[in-house]
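In case you want the letters, here they are:
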Amino acid sequence: MSKHKIGLIFGKFYPLHCGHIYLIEKAMSQVDELHIMLGCEATRDKQLFEKSRLPKQPQVSDRFSWLQETFKNRHNIHVHVLNEAGIEYYPNGWRDWSERVKCILDEYKIKPTVVFTSELQDIENHQLYFGCPVVIIDADREFMPISATAIRENPYKNWSFIAQAAKPFFVKKVAIIGSQKFNDLPIQLANIYNTQYVANGYVNYIQREISACHNQRYLSESDYIKIAMLQVERISSAERIANKLLFTSIDFAALAQCYRQIFQKEHEVLTVLTKSYHFDLVIHEKDLNPQHTLLQHFETVSKKVEALLI
C-alpha cells in the first residue's frame, strides 16, 4: 500500500484566479490530502491594494470564502489562514515564516510529504525548511497565462481569469434612474454588456404616487420596505452571474426619497440601506441636459459606464 501523501500549497490568493485553481487541482491529483495556506499580513495587503486598480480591497474573509466556495465539494482540500504579521517580507524571513507554518501543521497534526509551487526561486527554501520534495507546476504560466499581479493591475481586462467565486466581489453596480423611455437605458446597457439587469416592477407605482394626491396611495409604508429588501435580494442574486457590470433602475437613496416625499418622514431601514449599500455609479435623468435627445443621453451614460472598467 502506498504511503498517504499530504501536500502543501502557499499563496495570498489576492485575488483567487484560474492559475491558482489549476495549481491546486493538479496538486490534488497527486496527493491524498491537500492543505492550502492562505497568507495574510495587514500592511502588505493594504499596499498591494493601493498599488492596484481593484475597486475595493479584498479582506482575508473574502479570500478565504473564495477558496472555500471554489473547493466546497472537495473534502480532501483544507484551507488554513496563515497570519504573517511580524515576519520580514519575502524574500527574507524564511526561518520565521516556516516556524509560523509549522505551528499550524502541529496544531492540526499535519505531516506534509510534498510542497507544490509555481515559483522556481522557492524550491530550495521549501526543501530546507519542510524537509520534503517540491513539485513545480506551470512555472512559466504556459498552461494558464495569468498572475494575481496582472489581475490587480487590470481586473476587467483579465475578467475571464478571475475565479467564479470571486467575480461578484468585482462587479460594478450601476443605477440609472429616470422616467418613461429613459428607463430603457439600463436594460439596453445590460444587453450591450451581456450582463444582468435587475428589474424593479414597482417603479411605475412609486412614480404614480409622487404625482398623485397623498390620499390615493398605491403602496403602504411596509410595501416600501418590502420593495427595498426584495431589491437587495435580487441584486445579490444577479451579482453572482453578472458580467463585470450590473444595472438597475433604482437605488436606495431614490427609494428613500420617494418614501420621504410620500409619507413626510424617514424610515430607519431605508436610511441604513442608503448609507451602507454601495453603487459604483448612479445616474439621474434630472441631472442630464434636458435639451438633449435620447440618443445623446445614451451616449453620455455609455461613456460614464465605460469609464468604470478602465
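Preceding block: the structure.
Residues numbered from 1 in each chain as written. Predicted model: local features only at pLDDT ≥ 70, side-chain atom pairs only at ≥ 80, totals over all residues. Heavy atoms only, no water.

1. Describing the overall build of the chain
Along its length, the chain carries 13 helices and nine strands. By the compact-globule yardstick of 19 Å for 310 residues, the chain is too spread out, its C-alpha radius of gyration being 25 Å. For the chain, the C-alpha atoms occupy an extent of roughly 80 × 40 × 40 Å along the three principal directions. In the chain, the share of contacts with a sequence separation of at least 24, taken over all contacts with a separation of at least 6, comes to 73%. (Helix = DSSP H or I, 4+ residues; strand = E, 2+ residues; numbered from the N terminus. Rg over C-alpha atoms; globule rule 2.2 N^0.38 Å. Contact = heavy atoms within 4.5 Å.)

2. Quick look at the sheet that holds strand E3 (residues 77–83)
Strand order in the open sheet formed by five strands is E3-E2-E1-E4-E5, with parallel pairing between adjacent strands. Two strands close off the open sheet at either side, each with one partner strand: E3 and strand E5 (134–136). Across the sheet, the mean angle separating the axes of adjacent strands is 25° when strand polarity is ignored. Of the strands in this sheet, strand E1 (6–11), strand E2 (33–40), E3 and strand E4 (114–117) touch helix H1 (residues 18–28), which is tilted by about 150° from E2. (Pairing = 2+ DSSP bridges. Axes fitted to C-alpha atoms, helices over the stretch in contact; angles between N-to-C directions.)

3. Some thoughts on the pairing of strand E8 (residues 245–248)
Burial along E8 is two-sided: Leu245 and Phe247 facing one way and Leu246 and Thr248 facing the other are all buried. Here strand E6 (residues 172–177) pairs with E8 via four bridges, running parallel. Residue pairing across strands places Ala175 opposite Thr248, the latter belonging to E8. Note: strand E7 (residues 196–198) against E8, three bridges, orientation parallel. Among the inter-strand pairings, Val198 is bridged to a residue of E8, identified as Thr248. (Buried < 20%, exposed > 50% of the residue type's maximum accessible area, 1.4 Å probe, protein only.)

4. A word on the sheet that holds E6
The strand order E7-E8-E6-E9 describes an open sheet built from four strands, whose pairing is parallel. The two strands at the open ends of the sheet, each matched to only one other strand, are E7 and strand E9 (281–284). Along the sheet, successive strands turn relative to each other by an average axial angle of 20°, direction set aside. Running at roughly 175° to E7, helix H10 (residues 221–239) makes contact with E6, E7 and E8 of the sheet. Each of E6, E8 and E9 is contacted by helix H13 (residues 294–307), which is oriented at about 170° to E9, the strand it contacts most.

5. Observations regarding helix H5 (residues 123–130)
Listed in full, the buried residues belonging to H5 are His126, Tyr129 and Phe130. Along the axis of H5, the buried residues cluster in a sector spanning 85°; they form a single face. What points out from H5, more than 90 degrees from its buried face, is the exposed set Glu124 and Leu128. At its buried positions, H5 is contacted by E1, helix H4 (94–107), E4 and E5. Positive backbone phi, at 60°, marks Gly131, one or two positions downstream of H5. (Arc of directions from axis to C-beta.)

6. Concerning the packing of aromatic side chains
Counted under the stated rule, the structure contains 18 aromatic pairs. Both rings, one in Trp94 and one in Tyr129, keep their centres 6.5 Å apart while their planes meet at 10°; by these two values the pair is stacked. With Trp94 in helix H4 and Tyr129 in helix H5, this pair connects stretches of sequence that are 35 residues apart. A single burial state applies to Trp94 and to Tyr129, both of which are buried. (Phe/Tyr/Trp six-rings, centres within 6.5 Å; stacked < 30°, edge-to-face > 60°.)

7. Remarks on the layout of surface pockets
The method is simple in principle: a probe with the dimensions of a water molecule rolls over the atoms, and the space it marks as empty is what remains. Considered as a void within the structure, the largest pocket measures approximately 1,100 Å³ in volume. For the largest pocket, the lining is made up of 40 residues, of which Phe10, Gly11, Lys12, Glu119 and Asp122 are closest to its centre. Of all the elements, H1 adds the most residues to the lining of the largest pocket, at four residues. For the lining of the largest pocket, the per-class residue count stands at 17 nonpolar, 13 polar and ten charged. (1 Å grid on protein atoms, 1.4 Å probe; cavity = no way out; pocket = protein on both sides within 12 Å on 5 of 7 lines; lining within 4 Å. Points joined across faces, edges and corners; volume = space filled by probe spheres on them. Nonpolar A, V, L, I, M, F, W, Y, C, P; charged D, E, K, R; others polar.)

8. Focus on the pairing of E4
Of the two faces of E4, the one carrying Val114 and Phe116 and the one carrying Val115 and Thr117 are both buried. The pairing of E1 with E4 spans three bridges and is parallel. When the sheet's bridge partners are listed, Ile9 is paired in E4 with Phe116. Bridging between E4 and E5 involves three bridges; their strand directions are parallel. The partner of Phe116 across the bridge, within E5, is Val135. In this view, the connection linking E4 to its parallel neighbour E5 by way of H5 has right-handed handedness. (Right-handed = clockwise from strand over helix to strand, strands pointing away.)

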